[in-house]
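Survey of secondary and tertiary structure
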Amino acid sequence: MKALLLENIHPVAVENLEKAGFEVELRSKSLSEDELVADLPGVTLLGIRSNTHITPRVLDAATDLKAIGCFCIGTNQVDLAGAAERGVAVFNAPYSNTRSVVELVIGYIISLARRLPEKTEKMHAGVWDKSAKGSHEVRGRTLGIIGYGNIGTQLSNVAEALGFYVIFYDIADRLAHGNARRMKSLDALLAEADVVSIHIDGRPGNLGMFGEEEFAKMKPRSLFINAARGFLVDNDALRKHIESGHIAGAALDVFPIEPKAQGDAFESPLQGLDNVILTPHVGGSTQEAQEEIGWFVSGKLRDFVVSGSTALSVNLPAVQPPPLAAGARLALLHDSVPGVLAELNALLAAEGVNVTGQYLATAGETGFVVTDVTDVPATTLEKITANPHTRWVRAYHARR
């Protein structure tokens with residue numbers, strides 16, 4: 001079995017998969033659609049980060065692919081529905097780099113409030129500009145968080161400890177942490193926040209959600225932070241409001257178009273502004289976070305291929321069977337229609353196969369059932385495969 005890991009995934013992932021018996025190839029950059037189509041035949045597991053896009057054409061070419069690991073939080077770079085239709089599981093790391101992103105955002109806010117980018121640039125130019133003009137503490141300011149998920153809530157906790165008043169807006173029903181206040185609308189948040197920080201996901205409906213209208217509604221001389229997704233924000237509109245003085249400063253870690261490899265050229269309409277911090281998508285790029293992500297996602301990939309576990313899969317029904325201590329295991333991905341489970345169990349009984357455990361779940365039009373048995377005759381696998389509702393069936397055996 002071969003695993004292909006792209007975009008400088010942490011070496012701990014290589015170690016984890018090699019121990020499970022995979023031949024692992026590690027590459028430093030992302031691949032284009034044509035490159036993926038050419039390189040994926042023969043690959044069982046694919047590891048990517050945010051810059052590699054898995055399209056229907058790529059999935060059609062990846063005839064040996066069983067699972068994709070997104071070694072990051074986001075999964076919008078993958079055709080999740082297409083992967084599910086083809087029985088390819090997709091996993092991500094929803095928690096592993098949360099703290100790293102939060103610490104970066106806090107650093108942004110303090111740096112902008114104290115005008116550190118401007119100060120350090122002048123010092124490097126030999127100018128001693130010792131002045132408190134335009135420099136402020138963050139204590140007592142109001143932080144507005146758009147998106148109150150894993151990152152938004154932890155940012156809320158850390159910011160409150162620094163003395164911020166925290167308000168948030170989320171379309172989902174989220175529990176407020178500490179003294180944070182839920183706002184009834186985005187407009188209400190924008191009118192009150194001294195700092196606005198975006199932490200929403202990359203679903204297509206969020207494309208361009210923050211533009212000219214939203215910037216105009218922000219509190220005068222407020223700060224803007226985007227460490228979520230580049231395509232959420234109209235950066236041309238942001239530049240206009242920074243140049244007018246309406247927005248006092250901004251920091252961005254993500255961009256609509258990002259270079260594919262280390263050292264490639266980068267362009268943004270926000271370049272050249274001394275009160276704007278631009279970083280190359282490094283929110284989760286700490287040694288601690290990358291090692292944790294490498295270990296976590298590679299473990300999910302390994303467990304799926306080795307034991308049939310889909311725990312925390314983002315596109316297949318989540319089933320987490322216990323370790324297989326003895327006998328064999330059947331993992332069946334199938335169309336979610338009435339009667340499939342009954343047919344499976346009737347077939348196993350007719351074949352004289354004794355069931356020792358069964359674990360199942362459905363999601364949308366897909367069902368997944370893991371059945372532990374004493375043995376799996378070859379004829380049984382052939383008959384399950386012949387069922388028109390079977391997408392794939394795999395057999396596993398306890399290690400001796």
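Refer to the structure printed above.
First, a word on scope: everything that follows refers to the structure included in this document. (Residues numbered from 1 in each chain as written. Predicted model: local features only at pLDDT ≥ 70, side-chain atom pairs only at ≥ 80, totals over all residues. Heavy atoms only, no water.)

Some details on the packing of aromatic side chains
For the structure shown, the criterion picks out 8 aromatic pairs. For the pair Phe210 and Phe215, a centre-to-centre distance of 4.9 Å together with 70° between the ring planes defines the contact as edge-to-face. Taking relative accessible area as the criterion, Phe210 reaches 0% and is therefore assigned buried. By relative accessible area, Phe215 is classed as buried at 0%. Ring plane angle 70° and centroid distance 5.0 Å describe the contact between Phe215 and Phe224, whose orientation is recorded as edge-to-face. The residues Phe215 and Phe224 share a single accessibility class, namely buried. Pairwise contacts between aromatic rings join Phe91, Phe304, Phe368 and Trp392 into one cluster. When the ring centre of Trp392 is taken as reference, the NZ or CZ atom of Arg394 above it lies at 3.6 Å. (Phe/Tyr/Trp six-rings, centres within 6.5 Å; stacked < 30°, edge-to-face > 60°. Buried < 20%, exposed > 50% of the residue type's maximum accessible area, 1.4 Å probe, protein only. Lys NZ or Arg CZ within 6 Å of the ring centre and 35° of its normal.)

Quick look at helix α10 (residues 235-243)
Listing the buried residues of α10 in full gives Asn235, Ala237, Leu238, His241 and Ile242. Mapping the buried residues of α10 onto a view down its axis gives an arc of 155°, with all of them on the same face. Exposed residues pointing more than 90 degrees away from the buried face of α10 are listed as Asp236 and Glu243. Tucked inside the fold, the buried residues of α10 contact α9 (212-217), β10 (222-226), β11 (247-252) and β12 (276-278). With a side-chain oxygen positioned 3.1 Å from the backbone nitrogen of Asp236, the residue opening α10 is Asp234. The first or second residue beyond α10 is Gly245, which carries a positive phi of 90°. (Helix = DSSP H or I, 4+ residues; strand = E, 2+ residues; numbered from the N terminus. Arc of directions from axis to C-beta. Contact = heavy atoms within 4.5 Å. Polar contact = N/O pair within 3.5 Å; in protein donor to acceptor, adjacent residues only side chain to side chain.)

Examining unusual backbone geometry
Although it is not a glycine, Arg221 sits at a positive phi angle of roughly 65°. Phi angles above zero are rare outside glycine, and Leu312 is one such case at about 70°.

Topic: the sheet that holds β10
Two orientations exist for strands paired in a sheet by backbone hydrogen bonds: parallel and antiparallel. Strands sit in the order β8-β7-β6-β9-β10-β11-β12 across an open sheet of 7 strands; the sheet is parallel. Two strands lie at the open edges of the sheet, namely β8 (181-182) and β12, each paired on one side alone. With 3 bridges joining them, β11 and β12 adopt parallel strand pairing. Of the residues in β12, the one forming a bridge with Ala250 is Val276. Strands β10, β11 and β12 of the sheet are contacted by α10, whose axis makes an angle of about 145° with β11. (Pairing = 2+ DSSP bridges. Axes fitted to C-alpha atoms, helices over the stretch in contact; angles between N-to-C directions.)

A look at the nonpolar core
Grouped together as the largest cluster of nonpolar side chains are 33 residues, with contacts concentrated most on Leu5, Phe22, Leu45 and Phe71. At the level of secondary structure, the elements contributing two or more residues to this core comprise β1 (2-5), α1 (11-19), β5 (89-91), α11 (287-307), β13 (328-335), β15 (366-373) and β16 (390-397). When residues in this core are grouped by element, the largest group, 6 residues, is from α11. If we ignore the near neighbours within four places in the chain, the residues touching Phe22 are Met1, Lys2, Ala3, Leu17, Thr44, Leu45 and Val305. Judged by nonpolar contacts, the second largest core, of 28 residues, contains Leu186, Phe215, Ile247 and Phe255. (Core = buried A, V, L, I, M, F, W, Y, C linked by side-chain atoms within 4.5 Å.)

Topic: the pairing of strand β6 (residues 142-146)
Counted residue by residue, β6 has 5 buried out of 5 residues, so it is predominantly covered. One ladder, built from 5 bridges, connects β6 with strand β7 (residues 165-169); its direction is parallel. When the sheet's bridge partners are listed, Ile145 is paired in β7 with Phe168. This β-α-β element, β6 to helix α7 (residues 150-161) to β7, shows right-handed connectivity. The sheet contact formed by β6 and strand β9 (residues 195-198) spans 4 bridges and is parallel. (Right-handed = clockwise from strand over helix to strand, strands pointing away.)

Some remarks on the environment of Thr286
Here Thr286 is to be found in the loop between β12 and α11. The partly exposed category is assigned to Thr286, whose relative accessible area is 26%.

Observations regarding the sheet that holds β13
Ordered in space as β14-β15-β13-β16, the 4 strands form an open sheet in which the pairing is antiparallel. The two strands at the open ends of the sheet, each matched to only one other strand, are β14 (355-363) and β16. Along the sheet, successive strands turn relative to each other by an average axial angle of 10°, direction set aside. In this sheet, β16 lies alongside β13 in antiparallel orientation, the contact comprising 7 bridges. When the bridges of β16 are listed, Leu333 appears paired with Trp392.

Quick word on the packing of helix α12 (residues 340-350) against helix α13 (residues 378-386)
For any two helices packed against each other, the geometry is given by the interaxial angle and the distance between the axes. Where α12 meets α13, the closest approach of the two axes is 10 Å, and the angle between their N-to-C directions is 155°. As judged from the angle between their axes, α12 and α13 are roughly antiparallel. Where α12 crosses over α13, the two elements pack in a sense that is right-handed. In this structure, α12 contributes Leu344, Leu347 and Leu348 to the contact, and α13 contributes Thr380, Lys383 and Ile384. For the contact of α12 with α13, the per-class residue count stands at 4 nonpolar, 1 polar and 1 charged. (Parallel < 35°, antiparallel > 145°, perpendicular 65-115°, else oblique. Left-handed = near helix turned anticlockwise from the far one by under 90°. Nonpolar A, V, L, I, M, F, W, Y, C, P; charged D, E, K, R; others polar.)

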